[in-house]
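The primary structure of each chain is shown beneath.
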Amino acid sequence: MWPADREKAQDWIRQRLAGFVFDGQAGDIPWRGVQEGQRPAAVLVPLVWHDSGPTVLLTRRTESLSTHAGQVSFPGGKVDAEDSSVIAAALREAREEIGLAEEQVVVLGTLPQYVTITGFVVTPVVAMLQPPLQLRPEPGEVAEVFELPLQLALDGRQYEKHSYVRDGVAGHYLAMQWQQFTIWGATAAMLRLLSQALEASR
């Protein structure tokens with residue numbers, strides 16, 4: 001189990017992320033390789049460290065968006081030219097999407113890049129948030145913000161493997177259900193990878 005003390009937990013997570021040896025799979029789903037011409041993106045993987053137990057902050061996108069409408073995701077998006085790094089991009093997107101102030105964010109490290117089927121190379125930036133949070137979701141992008149218990153996110157038994165066919169190519173994706181939320185695709189894969197990184201030395 002992770003340390004209860006917030007600062008000790010930060011050090012513990014930093015060490016797990018820095019020492020994580022990636023075997024090329026999230027669960028039993030193979031990772032896609034990075035190819036030339038793919039576009040860089042970043043997401044913030046925010047761990048909210050409540051006294052009652054840590055959670056992972058997630059968003060549900062609005063139904064009116066042209067892509068990924070209604071899906072559960074991390075705050076994030078493509079890396080813009082003015083972003084100094086993928087970490088800067090993740091923090092900017094979190095500020096724009098949910099009104100998260102950077103002063104409340106302690107960046108702990110990154111997970112291996114995830115390549116989406118739409119051609120983005122996503123860097124998951126893991127961070128710790130100190131509650132209480134005063135968020136202001138952007139109504140044009142974010143329908144709601146919710147928190148998934150970290151203990152569930154780290155439990156590999158919560159993830160189910162599904163098949164898909166896209167443009168004639170077959171593949172697999174992970175999904176998990178929590179309350180009324182279906183967490184699947186890239187978000188579920190990155191959560192599963194987080195579980196592997198943090199569970200490796202537990």
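A short tour of the structure in this document, coming up.

Quick notes on the rules
Residues numbered from 1 in each chain as written. Predicted model: local features only at pLDDT ≥ 70, side-chain atom pairs only at ≥ 80, totals over all residues. Heavy atoms only, no water. Helix = DSSP H or I, 4+ residues; strand = E, 2+ residues; numbered from the N terminus. Expected span 1.5 Å × (residues − 1). Buried < 20%, exposed > 50% of the residue type's maximum accessible area, 1.4 Å probe, protein only. Phe/Tyr/Trp six-rings, centres within 6.5 Å; stacked < 30°, edge-to-face > 60°. Lys NZ or Arg CZ within 6 Å of the ring centre and 35° of its normal. Core = buried A, V, L, I, M, F, W, Y, C linked by side-chain atoms within 4.5 Å. Contact = heavy atoms within 4.5 Å.

1. Re helix α4 (residues 185-199)
For α4, spanning 15 residues, the distance from its first C-alpha to its last is 21 Å, which sits close to the expected 21 Å at 1.5 Å a residue. The buried fraction of α4 is high, at 13 of 15 residues.

2. Comments concerning the packing of aromatic side chains
Enumeration over the complete set of coordinates arrives at seven aromatic pairs. With a centroid separation of 6.4 Å and 15° between ring planes, the pair formed by Trp 178 and Phe 181 is classed as stacked. Overall, the relative accessible area of 16% leaves Trp 178 in the buried class. Members of the aromatic cluster, each reached through a chain of ring pairs, are Phe 146, Trp 178 and Phe 181. Geometry around Phe 120 places Arg 39 over its ring, the cationic atom sitting 4.1 Å from the centre.

3. Quick notes on the nonpolar core
The biggest cluster of nonpolar side chains holds 43 residues, and the ones touching the most others in it are Ile 13, Leu 150 and Leu 191. A total of eight residues in this core trace back to one element, the largest contributor, which is α4. Those residues in contact with Leu 150, other than ones at most four positions away along the chain, are Trp 2, Leu 47, Trp 49, Pro 54, Thr 55, Val 56 and Leu 194.

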